[in-house]
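Structural features, examined
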Amino acid sequence: MYSMTGYGRGEYKAGGVELTVEIKTVNNRYLDASVKCPRIFNAYEEEVRSAVRKKLTRGHADVFISLSDKRERQKTLTLDENAAKAYVASAEKLLSLFPDLANDLSVTGVMRLPDVIKQDDIAAADEEIIAALNCALSQALDNLNAMRLKEGAKLEEDMLSRMSAIETLVNKIETRAPLVAENYRQKLKAKMEKLLGGAEVDESRLLTEVAVFSDKSNIDEELTRLHSHISQFREICKEQLVGRKLDFLVQEFNRETNTVCSKSNDLEVTRLGLALKNEIEKIREQVQNVE
């Protein structure tokens, strides 16, 4: 079982290249990856997302990539001719307007103007840097999943503990349920005797009323399904990717518990049903963290 929340870091340091990949994940219904990286990796963002999709199925992942390239390499410079021409033309026009100004325009001066000379950083994304990216990314994803698996084990332990509490409550309701009809019969008989002023109570009529009540308040099917859900929950927890299955199953737990509470005409069964809903809600909150 994997938690959707985790952190992983990967590093590559060799030959003057220092590259770090950090990945943080949080809960999300579907898989969504955001990549923040230096400009030289813009063309590789989809490859990074593809690598993330191979390791994750749900959650929001933020991928942070940082690079320090200290290798000694020949710089690649690009001249923007249009920008240079525009600067020179503007200087000549300015000189025609103000002929007394000193003309200190030089080639070196033009080269220093913004956007005239550009360093081609994209060319720096060579095979060595891409290999470094793949290495650090793979390491970060492995570390992320190791942490998510560890957190998932804690979530599993907590949910199974609460499932045991749910089973105990269901068993108590199951023990109490057969007594509800008898308690109703006794209360109804006492009420009828009081209303009749001590006259003999019609037993057949009393039994009919109790039978109708028993049929309306019968929760045997709901309890059977709750026991089945408990068993299924424990089996599903043995798998790795369980989030969607458990989310659906928790909805079924809630549905059956709501029916038990709505049919209940007994204070104790209602109390146990509300306690059951409380435990189910706690599990539902944990399931939202599971991939």
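See the structure printed just above.
In short, a report on the structure. (Residues numbered from 1 in each chain as written. Predicted model: local features only at pLDDT ≥ 70, side-chain atom pairs only at ≥ 80, totals over all residues. Heavy atoms only, no water.)

Describing the pairing of strand S4 (residues 59–69)
The cut-off we apply is this: When DSSP finds two or more bridges between a pair of strands, those strands are recorded as paired. Numbering of helices and strands runs from the N terminus; a helix is a DSSP stretch of H or I covering at least four residues, while a strand is a stretch of E covering at least two. Crossover handedness is defined here as right-handed if the route from the first strand over the helix to the second strand goes clockwise, with the strands pointing away from the viewer.
The pairing of strand S2 (residues 17–26) with S4 spans 10 bridges and is antiparallel. Within the sheet, the bridge partner assigned to isoleucine 23 lies in S4 and is valine 63. With 6 bridges connecting them, strand S3 (residues 31–36) and S4 associate as parallel partners. Paired with aspartate 32 across the bridge in S4 is histidine 60. With helix H1 (residues 45–55) bridging S3 and its parallel neighbour S4, the resulting β-α-β unit is left-handed.

Some remarks on the sheet that holds strand S1 (residues 6–14)
Heads up, the condition is: In this analysis, axes come from line fits to C-alpha atoms, helices being fitted only over the stretch in contact, and the angle between any two N-to-C directions falls in the range 0 to 180 degrees. Residue contacts follow a heavy-atom distance rule, with two residues in contact if any of their heavy atoms lie within 4.5 Å.
The sheet built from 4 strands is open, its strands ordered S1-S2-S4-S3 with mixed pairing. Of all the strands in the sheet, just S1 and S3 have a single pairing partner and so form its edges. Along the sheet, successive strands turn relative to each other by an average axial angle of 15°, direction set aside. Contacting S3 and S4, H1 crosses the sheet at an angle of about 140° to S3.

Overview of the nonpolar core
So the rule is basically this: The criterion is simple. A nonpolar core is a set of buried Ala, Val, Leu, Ile, Met, Phe, Trp, Tyr and Cys residues joined through side-chain atoms within 4.5 Å. For every residue, the accessible area (1.4 Å probe, protein chains only) is compared with the maximum for its type, and the residue is labelled buried under 20%, exposed over 50%, or partly exposed between those bounds.
In terms of nonpolar packing, the biggest core is built from 29 residues, with Ile166, Phe233, Leu246 and Phe253 touching the most fellow members. Counting residues per element, this core draws most heavily on helix H4 (residues 127–196), which supplies 8 residues. With residues up to four places along the chain from it excluded, the contact list for phenylalanine 233 reads Met159, Leu160, Met163, Leu246, Leu249, Val250, Phe253 and Ile283. Of all hydrophobic cores here, the second largest spans 24 residues; its members include Val35, Val48, Ala51 and Ala136.

Some thoughts on the packing of helix H7 (residues 243–263) against helix H8 (residues 267–287)
Which entries qualify depends on this criterion: Comment on the angle field: the value is read as roughly parallel under 35 degrees, roughly antiparallel over 145, roughly perpendicular from 65 to 115, and oblique elsewhere. Throughout, a crossing is termed right-handed when the near helix is turned clockwise from the far one, and left-handed when it is turned anticlockwise from it by less than a right angle.
In contact at an axis separation of 10 Å, H7 and H8 are set at 165° when each is read in the N-to-C sense. With respect to H8, the axis of H7 lies roughly antiparallel. Between H7 and H8 the crossing geometry is left-handed. Contacts from Gly243, Leu246, Asp247, Val250, Phe253, Asn254, Thr257, Asn258, Val260 and Cys261 in H7 reach Val269, Gly273, Leu274, Leu276, Lys277, Ile280, Ile283, Arg284 and Val287 in H8.

As for the packing of helix H6 (residues 220–236) against H7
The line we're drawing: Classification convention: Asp, Glu, Lys, Arg as charged; Ala, Val, Leu, Ile, Met, Phe, Trp, Tyr, Cys, Pro as nonpolar; all other residues, Gly among them, as polar.
Taken N-terminus to C-terminus, the directions of H6 and H7 make an angle of 160°; their axes are 10 Å apart at the nearest point. Here H6 lies roughly antiparallel to H7, going by the angle between them. Both H6 and H7 take part in a crossing whose hand is left-handed. From H6, Glu222, Arg225, Leu226, His229, Ile230, Gln232, Phe233 and Ile236 reach across to H7, where they touch Lys245, Leu246, Leu249, Val250, Glu252, Phe253, Glu256, Thr257, Thr259, Val260 and Lys263. Looking at the contact of H6 with H7 residue by residue, the class counts come to 9 nonpolar, 4 polar and 6 charged.

Side note on the pattern of salt bridges
As a reminder of what qualifies: Between Lys or Arg on one side and Asp or Glu on the other, a salt bridge is scored when a side-chain nitrogen of the former is within 4 Å of a carboxyl oxygen of the latter.
In total, this model carries 18 salt bridges according to the counting rule given. Linking arginine 9 and glutamate 22 is a salt bridge whose minimum nitrogen-to-oxygen distance equals 3.3 Å. Highlighted residues: arginine 9 in strand S1 and glutamate 22 in strand S2, separated in sequence by 13 residues. For aspartate 142, the salt bridge goes to lysine 55, with nearest N and O atoms at 3.5 Å. Placement of aspartate 142 in helix H4 and of lysine 55 in helix H1 is noted, with a sequence separation of 87 residues between them. Exposure remark for lysine 55: the relative accessible area of 37% places this residue in the partly exposed category.

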